[in-house]
Amino acid sequence: MTIPLDYEVLRVIWWALMGVLLIGFALTDGFDLGVATLLPFVARSDAERRMVINTVGPTWEGNQVWFILGGGAIFAAWPFVYAVSFSGFYLAMFLVLASLILRPVGFKYRSKHEDAAWRSRWDWALFVGGFVPTLVFGVAVGNVLSGAPFRFDDDLRLHYAGGLLGLFTPFTLVAGLLSVAMIVLHGTGWLMMKVEAGAVADRARRFGKIAAVTAILLYAIGFAMIAFTDLGYRMGAGIDPRGPSNPLDSGTVHAAGAWLDNYALHPWMIAAPVAGFVGAALAWLGHLRRAPAMAFTGSSLATIGIIASVGASMFPYILPSSIDARSSLTVWNASSSHMTLWIMLLVTVVFLPIVLLYTAWAYRVMFGRVTAEAVRTNPDFY
């Protein structure tokens, strides 16, 4: 069978699609996580907390599909990346999944009992289910930029030399806190659009302004650490983008500041970090002006820009190794076969538009502000 797209092009397409899936997860499930993180702070009474919960009640389950799609895409398109990340980061993944489990249980059980202490405990469980995954996802991205402690031997057997506590370094904590600020900002924008005018919306505005400024500062600190510390990897010459996948064929060397190389080689990539800064500033302005659409648009733009800047900085790297640079995984040496990527692309071209259309229709049908009156009278609300 003749494949109309060459191997190099398909690898780049799937690198870009992986980014799309990650951004899709952050844009949709991101505001769910942000709302859960904000729950104990923006809502004081039981009625207010039920209002906050029901802003995401109709959509949170569907939004998690992006997380599943992302994991499936990594497994099928980048099997070596999947092997390293899901085995080396096993305890971190377990922590994320255990926290995420609290969300459906909390949503379903919180209002089953009238006791105030019972509901308060579930509210804090929902907070954990929003805050912990958000922090760990950010720390994971920080470790991707720093390099993970793994290597492949000559038989391509994986050896991982790290542990859970080793994932937390000054840079990765900055990345984790930036993730929290970004997602909280996105959650405040969502709350501004979804709850009726009143105390909850006002508190969301205040937290939104703080989150926007915090995101800008942490994003700037992260860029400074990338520019002026020893972070970065650079690929040697002679790599064939069309060659067979071999994790030991990367020609990688550690090079401080190398994550900024792509912005000099491809100036258009600067659009990503610019979008991150401008989006956060726009969200701050939206909260200042009591403009929900502006705030949510800004938080969405910031989310896209911050995530895209990681991909733009690292290309063609996906997961470098901090202990054996030659084992680093790139777009050119870690993908599935040419035929696998082609078949996956055909399936994606057919089904991804269907998923997007259905999701847009579901949001349109279920969109509207959550009011205190609706919470009191609607038997279908949490």
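Reading the values: the criteria
Residues numbered from 1 in each chain as written. Predicted model: local features only at pLDDT ≥ 70, side-chain atom pairs only at ≥ 80, totals over all residues. Heavy atoms only, no water. Helix = DSSP H or I, 4+ residues; strand = E, 2+ residues; numbered from the N terminus. Rg over C-alpha atoms; globule rule 2.2 N^0.38 Å. Buried < 20%, exposed > 50% of the residue type's maximum accessible area, 1.4 Å probe, protein only. Contact = heavy atoms within 4.5 Å. Areas by Shrake-Rupley, 256 points an atom, 1.4 Å probe, with all protein chains shown as cover. Phe/Tyr/Trp six-rings, centres within 6.5 Å; stacked < 30°, edge-to-face > 60°. Lys NZ or Arg CZ within 6 Å of the ring centre and 35° of its normal. Axes fitted to C-alpha atoms, helices over the stretch in contact; angles between N-to-C directions. Parallel < 35°, antiparallel > 145°, perpendicular 65-115°, else oblique. Left-handed = near helix turned anticlockwise from the far one by under 90°. Nonpolar A, V, L, I, M, F, W, Y, C, P; charged D, E, K, R; others polar. Expected span 1.5 Å × (residues − 1). Bend = angle between axes of the 7 residues up to and from the residue. Core = buried A, V, L, I, M, F, W, Y, C linked by side-chain atoms within 4.5 Å. Salt bridge = Lys/Arg side-chain N within 4 Å of Asp/Glu carboxyl O. Patch = residues over 30% accessible without salt bridge, like charges linked within 9 Å, V, L, I, M, F, W, Y side chains within 5 Å. Polar contact = N/O pair within 3.5 Å; in protein donor to acceptor, adjacent residues only side chain to side chain.

> Please give an account of the overall build of the protein that cites residues and values.
When its secondary structure is counted, the protein shows 14 helices and six strands. Relative to its length of 382 residues, the protein is compact, with a C-alpha radius of gyration of 21 Å against a globular reference of 21 Å. Each principal axis of the C-alpha distribution contributes one length, and for the protein these read about 65 × 45 × 35 Å. Within the span of the protein, comprising 382 residues, buried residues form 51% of the whole. For the protein, restricting intrachain contacts to residue pairs at least 6 apart in sequence, the fraction spanning at least 24 positions comes to 80%. As displayed, the protein has an accessible area near 17,100 Å², and 71% of this comes from carbon and sulfur atoms.

> Pulling in residues and values, what's your account of the packing of aromatic side chains?
This model, assessed by the stated rule, comprises 31 aromatic pairs. Measuring from centroid to centroid gives 5.9 Å for Trp118 and Trp122, while their planes differ by 70 degrees, and the two rings are edge-to-face. With a gap of four residues between them, Trp118 and Trp122 both fall in helix H7 (residues 116-146), about one helical turn apart. Every member of this aromatic cluster is reached through a ring pair, and the members are Phe31, Trp190, Phe296, Tyr363 and Phe367. A cation over an aromatic ring shows up here: Arg11 above the ring of Tyr7, its NZ or CZ 3.6 Å from the ring centre. A cation over an aromatic ring shows up here: Lys194 above the ring of Phe367, its NZ or CZ 4.9 Å from the ring centre.

> Give me the lowdown on the packing of helix H1 (residues 7-42) against helix H13 (residues 338-366), citing residues and values where you can.
Packing of H1 against H13 brings their axes to within 11 Å, and their N-to-C directions diverge by 25 degrees. The angle between H1 and H13 falls in the class roughly parallel. Two packed elements cross with a definite hand, and for H1 against H13 that hand is left-handed. Counting all contacts with H1, which are made through Tyr7, Leu10, Arg11, Ile13, Trp14, Leu17, Thr28 and Phe31, the residues of H13 involved are His338, Leu341, Trp342, Met344, Leu345, Thr348 and Tyr363. Among the residues forming the contact of H1 with H13, the class breakdown is 11 nonpolar, three polar and one charged.

> Which residues make up H13, and what are the values?
Under the 1.5 Å per step criterion, the end-to-end length of H13 is 41 Å for 29 residues, consistent within 8% with the ideal 42 Å. A bend of about 30 degrees at Thr348 is the largest found in H13. Every buried residue belonging to H13 is among Leu341, Trp342, Met344, Leu345, Thr348, Leu352, Ala362 and Tyr363, and all of these are buried. Close packing links the buried residues of H13 with H1, helix H3 (60-63), helix H4 (65-77) and helix H8 (170-194). At the exit of H13 stands Gly368, carrying a positive phi of roughly 150 degrees.

> Which residues make up the nonpolar core, and what values go with them?
The biggest cluster of nonpolar side chains holds 98 residues, and the ones touching the most others in it are Trp14, Val52, Trp78, Trp190, Leu191, Trp259 and Leu329. With 13 residues, the single largest contributor to this core is H1. What Leu191 contacts, discounting residues up to four positions off in sequence, is Val35, Leu38, Val42, Val52, Thr55 and Ala204.

> Account for the pattern of salt bridges, naming residues and giving values.
Side-chain pairs of opposite charge can arise where the charged atoms are in close proximity. A complete count under the given rule lists 16 salt bridges for this structure. Close ionic contact of Glu48 with Arg203 constitutes a salt bridge, the shortest N to O distance being 3.0 Å. Here Arg203 lies in helix H9 (residues 199-228) and Glu48 lies in helix H2 (residues 46-56), a separation of 155 residues in the sequence. By the burial criterion, Glu48 is buried, and Arg203 matches it. One salt bridge connects Asp123 with Arg49, and the closest N-O pair in it is separated by 3.0 Å. Residue Asp123 is found in helix H7, and its partner Arg49 is found in helix H2; the two are separated by 74 residues along the sequence. Considered together, Asp123 and Arg49 belong to a single accessibility category, that of buried residues. Members of the salt-bridge network, linked through shared partners, are Asp46, Arg49, Arg110, Glu114, Arg119 and Asp123.

> Any details on a nonpolar patch on the surface? Residues and values, ideally.
Nonpolar side chains collect at one region of the surface, where Ile343, Val347, Val350, Phe351 and Ile354 lie side by side and expose about 460 Å² of accessible area between them. By secondary structure assignment, the location of Phe351 is in helix H13.

> Can you lay out the environment of Ser99 for me, pointing to particular residues and giving the numbers?
If you trace the backbone, Ser99 turns up in helix H6 (residues 90-109). Assessed through its relative accessible area of 5%, Ser99 is described here as buried. Sequence spacing of Ser99 and Ile239 is 140 residues, and the spatial spacing of their C-alpha atoms is 41 Å. Setting aside anything within four residues of it in sequence, one finds Ser99 in contact with Val128, Gly129, Val132 and Pro133.

> Which residues make up the side chain of Ser179, and what are the values?
Structurally, the position occupied by Ser179 is in helix H8. Engagement of the side chain of Ser179 in a polar contact is seen with the backbone oxygen of Thr134, the distance being 2.8 Å. Among all residues touching Ser179, those that are not within four sequence positions of it are Thr134 and Gly138.

> Before we move on, could you go through unusual backbone geometry and cite the residues and values that matter?
Excluding glycine, most residues fall at negative phi; most peptide bonds, likewise, are trans. Residue Pro316 follows Phe315 across a cis peptide bond; omega there is 5 degrees. Residue Leu156 is not a glycine yet carries a positive backbone phi of 60 degrees. In this fold, Leu156 is placed in the loop between strand E1 (150-152) and strand E2 (158-160). Although it is not a glycine, Arg290 sits at a positive phi angle of roughly 55 degrees.

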